[in-house]
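This is what each chain is made of:
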Amino acid sequence: MAAPPSSFGGRVGDGGVTRYTPAMRVLSGIQPSGQLHLGNYFGSIRPNLESVGDKNESIFFIADLHALTTVQDPKELREFRREALLDYLACGFDPDKALIFFQSDVPEHAELMWILSTVTPVGLLERAVSYKEKVEKGISASAGLFAYPVLMAADILLYDSERVPVGKDQKQHVEITRDIAMKFNNLYGDTFVIPEPVIRAEVAVVPGTDGQKMSKSYGNTIPLFGDEAKAKKAIMGIATDSKGAQDPKDPKTSPIFQIHALFLSKTGAEELAGEYRAGLSYGDAKKRLLETYLEVFAPMRKKREELAKKPKFLEDVAAEGAAKARAVAGKTMDRVRKAVGLR
Ligand code: ADP
Ligand code: TRP
């Protein structure tokens, strides 16, 4: 199905008339499941924010219904939800340019999930790698965790999303979404736009302080916000090999360099690599990374502190986002209900 005209925000064209231009509708979801780290920032938030432009119509949502599969402490979930919105806004998300909302504020997600689940073969979900990995990690094998990709399909299909930028770990979920959408379209007639996953291949895996992939499950993260002393401790504690202070170092194998390079331009990174090869000590390399980290994130930290004092503003952003999202989701649900015979 071709994507229908823009129905929220939109690009205001001649005389305030919202015109549909063949821009892409791009949708991204983030789970509010803990404090953000540099892996989340460089691997997900920064590329997502960079994709917000005049050409594309961007939709972001905080996947709090998904988070219920792992965060089962209400106090904690409340805090994580609030923090996720604060984090996004502090990192530069502009609610005037793109849509942001909480998934649970738009009940159509759960409704569509149910309808989609009735056409989803169990075998398709049994092949989902992320389910198996999560259960192996000790997360309870609930029906919700198993059906997680169906909720993700509902998230994507509700907004006629054409492009879904995801990390490699989520690609299979977008493929499952495509399968479910095609199955539904075959059975009930052309109803859903078939989305394309966009793999953020250009973003390398950000290493943690021990050199493995940075992940909250490995306890090797450098936090984006929060206590500065903790970030300092994490950066000064990045693992190194036993090379002496003045020995030449290989930048390619050093997590200090790999993390630092993410903050720099290509030439900046090449210059820094030269210094490593010329014998920059690991201690100095860490201090330089810490300086860069503090400098780059200082304005975002300040903004976050200011926003944290404005709960009413945060509520308004979320309420406005939810209202706009419901306007789009409601239209899709009309189409779906009609297609299946619930109208
Ligand atoms: P974690 O591994 O800490 O649980 P999540 O799975 O919640 O992180 O990741 C949320 C988003 O951040 C995903 O889109 C994921 O691809 C991205 N991301 C997480 N860790 C990294 C990393 N080390 N390098 C690049 N991207 C990452
Ligand atoms: N499953 C995604 C993650 O864990 C979050 C998510 C939920 C999502 N629904 C989505 C991402 C829809 C993109 C599109 O990172």
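Residues numbered from 1 in each chain as written. Chains lettered and ligands numbered in written order. Predicted model: local features only at pLDDT ≥ 70, side-chain atom pairs only at ≥ 80, totals over all residues. Heavy atoms only, no water.

### Some remarks on the nonpolar core
- If you look at the biggest cluster of nonpolar residues, it comprises 51 residues, and the most contacted ones within it are L38, L85 and I222.
- At eight residues, the largest contribution of residues to this core is made by helix α12 (residues 282-308).
- In contact with I222, other than residues within four places in its own chain, are H37, L38, T209, M214, A234, I235, I238, I259 and Y293.
- Among the nonpolar cores identified, the runner-up in size contains 39 residues, and A153, I156, L157 and I176 belong to it. (Core = buried A, V, L, I, M, F, W, Y, C linked by side-chain atoms within 4.5 Å. Buried < 20%, exposed > 50% of the residue type's maximum accessible area, 1.4 Å probe, protein only. Helix = DSSP H or I, 4+ residues; strand = E, 2+ residues; numbered from the N terminus. Contact = heavy atoms within 4.5 Å.)

### Here we look at the site of ligand 1
- Residues in contact with ligand 1 amount to 15 residues; listed here are only the nearest, H37, V206, M214, S215 and K216.
- Here a nitrogen atom of ligand 1 and a backbone polar atom of M214 are 2.9 Å apart.
- S215 places a polar side-chain atom, nitrogen or oxygen, 2.8 Å from an oxygen atom of ligand 1.
- Protein chains bury 79% of the 540 Å² of accessible surface belonging to ligand 1 in isolation.
- A class-by-class count of the residues in the shell around ligand 1 yields four nonpolar, seven polar and four charged. (Near = heavy atom within 4 Å. Polar contact = N/O pair within 3.5 Å; in protein donor to acceptor, adjacent residues only side chain to side chain. Areas by Shrake-Rupley, 256 points an atom, 1.4 Å probe, with all protein chains shown as cover. Nonpolar A, V, L, I, M, F, W, Y, C, P; charged D, E, K, R; others polar.)

### Quick word on the packing of aromatic side chains
- This structure, assessed with the given rule, holds 14 aromatic pairs.
- In this structure an aromatic cluster arises from ring pairing among Y41, F42, F263, Y293 and F297.
- Here the guanidinium or amino end of K134 rests over the ring plane of Y148, the centre of that ring lying 4.2 Å away.
- The aromatic ring of Y282 is capped on one face by K249, whose charged end is 5.2 Å from the ring centroid. (Phe/Tyr/Trp six-rings, centres within 6.5 Å; stacked < 30°, edge-to-face > 60°. Lys NZ or Arg CZ within 6 Å of the ring centre and 35° of its normal.)

### Structural notes on the domain arrangement of the protein
- Taken domain by domain, the protein comprises domain 1 (6-204 + 311-340) and domain 2 (216-306).
- Just the C-alpha atoms count here: the centres of domain 1 and domain 2 sit 32 Å apart.
- Listed as interface residues are 16 residues of domain 1 and, on the opposing side, 16 residues of domain 2.
- Summed over both sides, the interface of domain 1 with domain 2 buries roughly 1,500 Å², with 65% coming from carbon and sulfur.
- By the criterion of area lost to domain 2, the three top residues of domain 1 are L38, F42 and A90, representing 35% of everything that side buries.
- Our count for the domain 1 to domain 2 interface comes out at one salt bridge.
- Linking R304 and D87 is a salt bridge whose minimum nitrogen-to-oxygen distance equals 2.7 Å. (Domains from an automatic or database assignment. Buried area = accessible area lost by both parts, 1.4 Å probe. Salt bridge = Lys/Arg side-chain N within 4 Å of Asp/Glu carboxyl O.)

### Describing the site of ligand 2
- The environment of ligand 2 is formed by L27, G29, Q31, F61, A63, H66, Y148, M152, D155, I156, V164 and Q170.
- Interatomic distance of 3.1 Å between a side-chain N/O atom of Q31 and an oxygen atom of ligand 2.
- Within the side chain of Y148, one N or O atom sits 2.7 Å away from a nitrogen atom of ligand 2.
- The set of elements that each furnish at least two residues to the shell around ligand 2 consists of β1 (25-30) and α7 (143-158).
- Among the elements that make up the shell around ligand 2, the one with the highest residue count is α7 (four residues).

### Comments concerning the side chain of H173
- Inspection of the secondary structure puts H173 in helix α8 (residues 171-188).
- Judged by relative accessible area, H173 falls into the buried class, the value being 1%.
- One polar contact links H173 to Q170, side chain to side chain, over a distance of 2.8 Å.
- Look past the residues within four positions of H173 in its chain and what remains in contact with it is S130, Y148, P149 and M152.

### Quick look at the environment of K137
- Along the chain, the position of K137 falls in the loop between α6 (129-136) and α7.
- Note: C-alpha distance between K137 and S217 (80 residues apart in sequence) is 9.1 Å.
- A distance of 3.5 Å separates the side chain of K137 from the side chain of S217, its partner in a polar contact.

### Brief notes about helix α4 (residues 108-117)
- Along α4, the residues that are buried comprise E108, H109, L112, I115 and L116. When α4 is viewed along its axis, its buried side chains cluster within an angular range of 130° and face the same direction.
- Check the buried side of α4 and you find it contacts β3 (99-102), α7, α8 and α13 (311-340). (Arc of directions from axis to C-beta.)

### Some thoughts on the pattern of salt bridges
- Evaluated as defined, the whole model comprises 16 salt bridges.
- For D160, the salt bridge goes to R335, with nearest N and O atoms at 2.8 Å. Here D160 is found in the loop between α7 and β4 (163-166), whereas its partner R335 is found in helix α13, with 175 residues between them in sequence.
- Judged by its relative accessible area of 26%, R335 is partly exposed.
- One salt bridge connects D241 with K243, and the closest N-O pair in it is separated by 3.2 Å.
- For K243, a relative accessible area of 36% gives the class partly exposed.

### Considerations on the environment of G34
- When you line up the elements, G34 lands in the loop between β1 and α1 (38-50).
- Sequence separation between G34 and K216 is 182 residues, and the spatial gap between their C-alpha atoms is 8.0 Å.

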